[in-house]
Amino acid sequence: QVQLVESGGGLVQAGGSLRLSCAASTRALSDYVVAWFRQAPGKQRAFVARISGLGSETSYADSVKGRFTISRDNVKNTVYLQMNSVKSEDTAVYYCAATNIPGLYDRWSTYNHWGQGTQVTVSS
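Residues numbered from 1 in each chain as written. Predicted model: local features only at pLDDT ≥ 70, side-chain atom pairs only at ≥ 80, totals over all residues. Heavy atoms only, no water.

Student: How should the overall build of the protein chain be read in this particular structure?
Tutor: For the protein chain, the count of helices and strands is zero helices and 11 strands. Along the longest, intermediate and shortest principal axes, the C-alpha atoms of the protein chain span 40 × 25 × 25 Å. In the protein chain, which comprises 124 residues, the share counted as buried stands at 45%. As presented, the protein chain carries roughly 6400 Å² of accessible surface, and 47% of it is formed by carbon and sulfur atoms. In the protein chain, which carries 12 positive and 8 negative side-chain charges, the distance between the mean positions of the two groups comes to 2 Å. (Helix = DSSP H or I, 4+ residues; strand = E, 2+ residues; numbered from the N terminus. Buried < 20%, exposed > 50% of the residue type's maximum accessible area, 1.4 Å probe, protein only. Areas by Shrake-Rupley, 256 points an atom, 1.4 Å probe, with all protein chains shown as cover. Lys, Arg positive; Asp, Glu negative; His and termini not counted. Charge placed at Lys NZ, Arg CZ, Asp CG, Glu CD.)

Structure (structure tokens):
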């Protein structure tokens, strides 16, 4: 129903910045909570950040708090993840996810729409 496409991943030096984008096929993106998850090699998929439908509320994993910022533009039907002061530990495949079903928004199982992922590699 809702297709999500991530972009903006790539190679970035430690301490640098990167902005990921998540473009949605729906024109009603404001109805959806959108989150970013990431999965590093050999590790389970982990919550990174989420944003409420109208962008009034955000939440972050402790590991990225103060460094990453999630935002959304519902006119462009796009959610962003601004990554600043990146560390080698941030290296992972980053996934955009969306849901309009109430639940625990830090849990991957709450989300029923997923992007294909975009690779972020931080060089030391």
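Student: Which parts of the structure should I look at to understand the pattern of salt bridges?
Tutor: Opposite charge on two side chains permits them to pair, given that their charged atoms come into close proximity. Here the structure, examined in full by the defined rule, presents four salt bridges. Of the charged contacts, one joins Asp90 and Arg38 as a salt bridge, the two residues approaching to 2.9 Å between their closest N and O atoms. With Asp90 in the loop between strand 8 (78–83) and strand 9 (92–99) and Arg38 in strand 4 (residues 33–39), this pair connects stretches of sequence that are 52 residues apart. Pair check on accessibility: Asp90 and Arg38 agree, each one buried. (Salt bridge = Lys/Arg side-chain N within 4 Å of Asp/Glu carboxyl O.)

Student: Would you mind going over the packing of aromatic side chains with me for this structure?
Tutor: The relative placement of two aromatic rings is captured by the distance of their centres and the angle of their planes. Tallied over the entire structure, the rule returns five aromatic pairs. Where Phe37 meets Tyr111, the ring centres are 5.5 Å apart and the plane angle is 75°; that geometry is what we call edge-to-face. Of this pair, Phe37 sits in strand 4 while Tyr111 sits in the loop between strand 9 and strand 10 (113–114), and the two are 74 residues apart along the sequence. In terms of burial, Phe37 and Tyr111 fall into one category: buried. Plain terms: the ring middles of Tyr111 and Trp114 are 6.3 Å apart, the flat faces sit at 75° to each other, and that makes the pair edge-to-face. (Phe/Tyr/Trp six-rings, centres within 6.5 Å; stacked < 30°, edge-to-face > 60°.)

Student: What's the story with the environment of Val79 in this structure? I'm lost.
Tutor: Relative to the assigned elements, Val79 resides in strand 8. Residue Val79 is classed as buried on the basis of its relative accessible area of 1%. Spatially, the C-alpha atom of Val79 lies 20 Å from that of Asp62, the residues being 17 residues apart in sequence. Val79 has contacts with Leu20, Ser21, Cys22, Leu29, Val34, Trp36, Ile51, Ile70, Ser71 and Arg72, leaving out every residue within four places of it along the chain. (Contact = heavy atoms within 4.5 Å.)

Student: Whenever I open this one, the state of the cysteines confuses me. Can you help?
Tutor: By definition, a disulfide links two cysteine residues through a covalent bond between their sulfur atoms. Summed over the entire model, instances satisfying the criterion amount to one disulfide. For Cys22, the disulfide goes to Cys96, at an S-S distance of 1.9 Å. In this structure the cystine formed by Cys22 and Cys96 twists about its S-S bond by roughly -75°; its chirality is therefore left-handed. With a gap of 74 residues between them, Cys22 in strand 3 (residues 18–24) and Cys96 in strand 9 connect regions that are remote in the sequence. Grouping residues by exposure puts Cys22 and Cys96 together as buried. (Disulfide = S-S within 2.5 Å.)

Student: Could you clarify how one ought to interpret the side chain of Arg38 in this entry?
Tutor: Its relative accessible area of 12% is what places Arg38 among the buried residues. Here the side chain of Arg38 touches Ser63 through a polar contact of 3.4 Å, side chain to side chain. Reaching out from Arg38, the side chain makes a polar contact with the side chain of Tyr94 at a distance of 2.8 Å. (Polar contact = N/O pair within 3.5 Å; in protein donor to acceptor, adjacent residues only side chain to side chain.)

These figures come from the coordinates and say nothing about function on their own.
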